[in-house]
Every structure is written in C-alpha cells, then in structure tokens.
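Take a look at the letters that make up each chain.
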Amino acid sequence: MLTGFDAFGGQSLNPSWLAVQALHGRKVLGHTVVAAQLPTVFDASLCELDALLRQHQPALVICVGQAGGRKVLSLERAAINVNDAPLADNAGARPVDTPVVRDAPVAYFTGLPIKAMLAALHEEGVGAEVSQTAGTFVCNHVFYGLMRTLSTVPELAHTRGGFVHVPWLPEQGVPNMALDDIVRGLRVAVRSALQVDKDHALGAGTTH
C-alpha cells in the first residue's frame, strides 16, 4: 500500500499523491499496489491511515509526502513523537509542541530496509538520500502513527512500513524532480523493500 497527501500550503497539487496514484493497480513482485490519499490534517490523517491498514492488512506500506526544498527522494530513518507545525494544516490546526500519541515512545525507527533501497535507487540512476528527520508537520505525524500502529496491532505484526519524502515537481519551483522519475523511484523502492529482509550495512549518515 502506498499513500500520498492532498495539496496543502496554498499549492494546487501534491506530487506525493500524483506519484502513488500512478502506481495504483500495478504489480510489483506479485503484489498489487493499492494507492490511497490522506488528508493533510493532524489526527484525521491517522484515522484514515488506521482504517486503510485494517482494511487491506498490506505486506508493505510506504507513506509518501512532499518536501519542498529537497532535491532527491528522501528515505526517512526515524519518526519523532512531536507535532510542531510551521503552518496550519488543511483544517486550520497548528499544534505546537504536542505529542502525536500521549504516553508513547519518543521515536520509532523505520521498518524499511532504507540502505538497500538507497543502493537500488542509485543503481537505477534515481537521486536519493537517507534523511534523518521527517520534520514536525503532518508527514512526521503520519510516519509516527504508522510505526506506532504496526508495532502495537497484532494483526499487522508482519507488515513493514516507513516513509519517503519526494521533491516538488518542476511547475512548483526549484529544486524539483520530474513526476516520471518520482514514480520510477517509488517503484524501485517498493521492489527493493519487498526483496530485502536484512538491510545493507551502508554508510549514509550526516555530520549535521
């Protein structure tokens, strides 16, 4: 299962939704991709995601979001238990320093083999990086909620999940990436995540 978001922040489109929508119904290693749109709204996004997870019980779920200012696909390493919105969501909410889930762990690591995915993307000529932060807006909110659900709901114990940020499209500004390249990159990422059980030992850290 792949999820993307609706447009937000005054934008008329969101590449995360356009990209996952383009993969809906396609087969990857015998699995059929199901694409779904989440609202760029705190709390409501997690309610929708939880319903989708329980309905489909996918082998793999990758939530995808837009990250203006990033040049390449960003494979997110960790989700943190904080909402600190730099702008209002699509329902007008702007939480500051609130937890995603009360009395829950500070953070969760991704369940995806992000180093193997990184290597596969580079082999296919798709720009990609491991990102150490998914921000503190709705993307991180969904990422944290996803990993919390996968770690606590028994029927989803075998589902792997994580989050990928994608750049703007050319019509949104710079830096950017063509939609075809984003779609191709997500397909490569899905294939790698389905193929690899134990992640690669590959340096992809940062000094800042």
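Worth saying up front: this structure is predicted, and the values here are computed from it rather than measured.

The subject of this paragraph is the overall build of the chain. The number of helices and strands found in the chain is five helices and 12 strands. A compact globule built from 208 residues should have a C-alpha radius of gyration of about 17 Å, and the chain, at 16 Å, falls within 12% of that. Dimensions along the principal axes, computed over C-alpha positions, put the chain at roughly 45 × 40 × 40 Å. Each of the 208 residues in the chain was classed as buried or not, and the buried ones make up 50%. Restricting the contact set of the chain to residue pairs at least 6 apart, pairs at least 24 apart contribute 77%. Counting only carbon and sulfur atoms, one obtains 52% of the accessible surface of the chain, whose full area is about 9400 Å².

Let us look at unusual backbone geometry. The omega torsion of the bond from V174 to P175 falls at -10°, within 30 degrees of zero and hence cis. Relative to the helices and strands, P175 resides in the loop between β12 (160-166) and α5 (179-195). At Q57, a residue that is not glycine, the phi angle is positive and equals roughly 40°. Inspection of the secondary structure puts Q57 in the loop between α2 (44-56) and β5 (60-66). If you check the backbone angles, D103 has positive phi at about 55° while not being a glycine.

As a further point, take the nonpolar core. If you look at the biggest cluster of nonpolar residues, it comprises 34 residues, and the most contacted ones within it are I62, L73, I182 and L186. Every element with two or more residues in this core is listed here: α1 (15-23), β5, β6 (73-76), α3 (114-123), β11 (128-131), β12 and α5. Sort the elements by how many residues they give to this core and α5 lands first, with seven residues. Here L73 is in contact with L121, V126, G127, A128, E129, H165, V166, P167, M177, I182, G185 and L186, once residues within four sequence places are set aside. Residues L46, V138, L146 and V153 belong to the second largest nonpolar core, which totals 30 residues.

With that settled, the discussion passes to α3. A large share of α3 lies buried, amounting to eight of its 10 residues. For α3, every residue scored as buried is listed here: I114, K115, A116, M117, L118, A119, A120 and L121. In this fold, the buried residues of α3 make contact with β5, β6, β11 and α5.

Here we have six strands laid out as an open sheet, ordered β4-β1-β5-β12-β6-β11, and mixed in their pairing. In this open sheet, the two strands that pair with only one neighbour each are β4 (35-38) and β11. Going across the sheet, the axis of each strand differs from the next one's by a mean of 25°, ignoring polarity. Where strand β1 (residues 2-5) and β5 come together, two bridges link them in parallel fashion. Bridging across to β5, T3 finds its partner in C63. Sheet strands in contact with α1 are β1, β4, β5 and β12, and its direction is about 150° off that of β1. Across the face of the sheet, helix α4 (residues 138-152) comes into contact with β1, β4, β5, β6 and β12 while running at roughly 170° to β12.

Rules and cut-offs
Numbering of residues starts from 1 in each chain and follows the order in which that chain's sequence is written. The predicted nature of this model means local features are confined to residues of pLDDT at least 70 and side-chain atom pairs, given and counted, to a pLDDT of 80 or more, with totals for whole chains, interfaces and linings taken over all residues. Excluded from the side-chain calculations are hydrogens and water; all other atoms, namely the structure's heavy atoms, are used. Each helix is a run of H or I in the DSSP string that is no shorter than four residues. Each strand is a run of E no shorter than two, and both are numbered from the N terminus. We take the radius of gyration over the C-alpha atoms and set the globule estimate at 2.2 Å times the residue count to the 0.38 power. Only protein chains enter the accessibility calculation, which uses a 1.4 Å probe. A residue is then buried if its area is under 20% of the maximum for its type, exposed if over 50%, and partly exposed in between. Here, two residues are considered to be in contact whenever any of their heavy atoms come within 4.5 Å of each other. Using a 1.4 Å probe, accessible areas were evaluated by the Shrake-Rupley method; residue-level cover was limited to the displayed protein chains. Only buried Ala, Val, Leu, Ile, Met, Phe, Trp, Tyr and Cys residues count toward a nonpolar core, and they belong to the same one when joined by side-chain atoms within 4.5 Å. Two strands qualify as a pair provided that DSSP identifies no fewer than 2 bridges between them. Whenever a helix is involved, its axis is fitted only over the stretch in contact; in every case the axis is a line through C-alpha atoms, and angles between N-to-C directions fall within 0 to 180 degrees.

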